[in-house]
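# Chain and residue survey
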Amino acid sequence: MALTDFYKDIIFLNKISQSDGLGGIEFVYIEGVKFKGVITRESNTQIRIAEQEGLKAVYTLSTSKSIQIDFGDLIKYEGKVYKVVSNKNELQTPHFSNLDLQQYIVEKYEVWWL
C-alpha cells in the first residue's frame, strides 16, 4: 500500500472580512479549495513527554509537493481545524526522488465558529 492510499480530503479555510451591520467589520472563515492528504499524530517519546508537561499535541500533515501551504494556514480535516506551524521545504522529499511528498507540522486549533 502506498501512503496516498490513506489520503483524505483536507479543506483550506479562507479568512474574509465582511460588514458587521453596525458600521464595522468582522472576520469569518469560509471553506476553500480541497486537496488530498493525511494528518497523523506524532508519537515519539520526546513529544509525548512534552505533551504531558503541557505542550500542545503535535501532528504531521503529509501531502503532495504540488500543494502550496504556508505557515499559519488553517485547514479542516475530518471535522477538526488545524493550524500549520512549520514552513514549506523543511520536510519534503528531494526533487530527484520519485516520492511526491511534503510534510508540515500542524497543531489543533480551537475555534468557536464550528
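Everything below is about the structure printed above this text.
Residues numbered from 1 in each chain as written. Predicted model: local features only at pLDDT ≥ 70, side-chain atom pairs only at ≥ 80, totals over all residues. Heavy atoms only, no water.

As a further point, take the overall build of the chain. Scanning the chain from terminus to terminus reveals one helix and seven strands. Reading the chain from its N end, one meets helices and strands in the order β-β-α-β-β-β-β-β. When burial is assessed residue by residue, the chain has 30% of its 114 residues classed as buried. Of all intrachain contacts in the chain linking residues separated by at least 6 positions in sequence, the fraction that spans at least 24 positions is 55%. Accessible area for the chain stands at about 7,600 Å²; split by element, carbon and sulfur atoms hold 52% of it. (Helix = DSSP H or I, 4+ residues; strand = E, 2+ residues; numbered from the N terminus. Buried < 20%, exposed > 50% of the residue type's maximum accessible area, 1.4 Å probe, protein only. Contact = heavy atoms within 4.5 Å. Areas by Shrake-Rupley, 256 points an atom, 1.4 Å probe, with all protein chains shown as cover.)

For Glu78, which is not a glycine, the phi torsion comes out positive at approximately 50 degrees. Here Glu78 is to be found in the loop between strand 4 (74-77) and strand 5 (80-84).

Our next topic: the pairing of strand 2 (residues 25-41). Along any regular strand, the residues point their side chains to alternate faces of the sheet. In the sheet, strand 1 (residues 8-19) pairs with strand 2 via eleven bridges, with the strands oriented antiparallel. Paired with Ile10 across the strands is Phe35, a residue of strand 2. Taken together, strand 1 and the strand that follows it, strand 2, pair antiparallel across an intervening segment of five residues, in which Gly21 is found at a positive phi of about 85 degrees. Pairing of strand 2 with strand 3 (residues 59-63) involves five bridges; the strand directions are antiparallel. (Pairing = 2+ DSSP bridges.)

Scope: geometric values only; no functional claims are made or implied.
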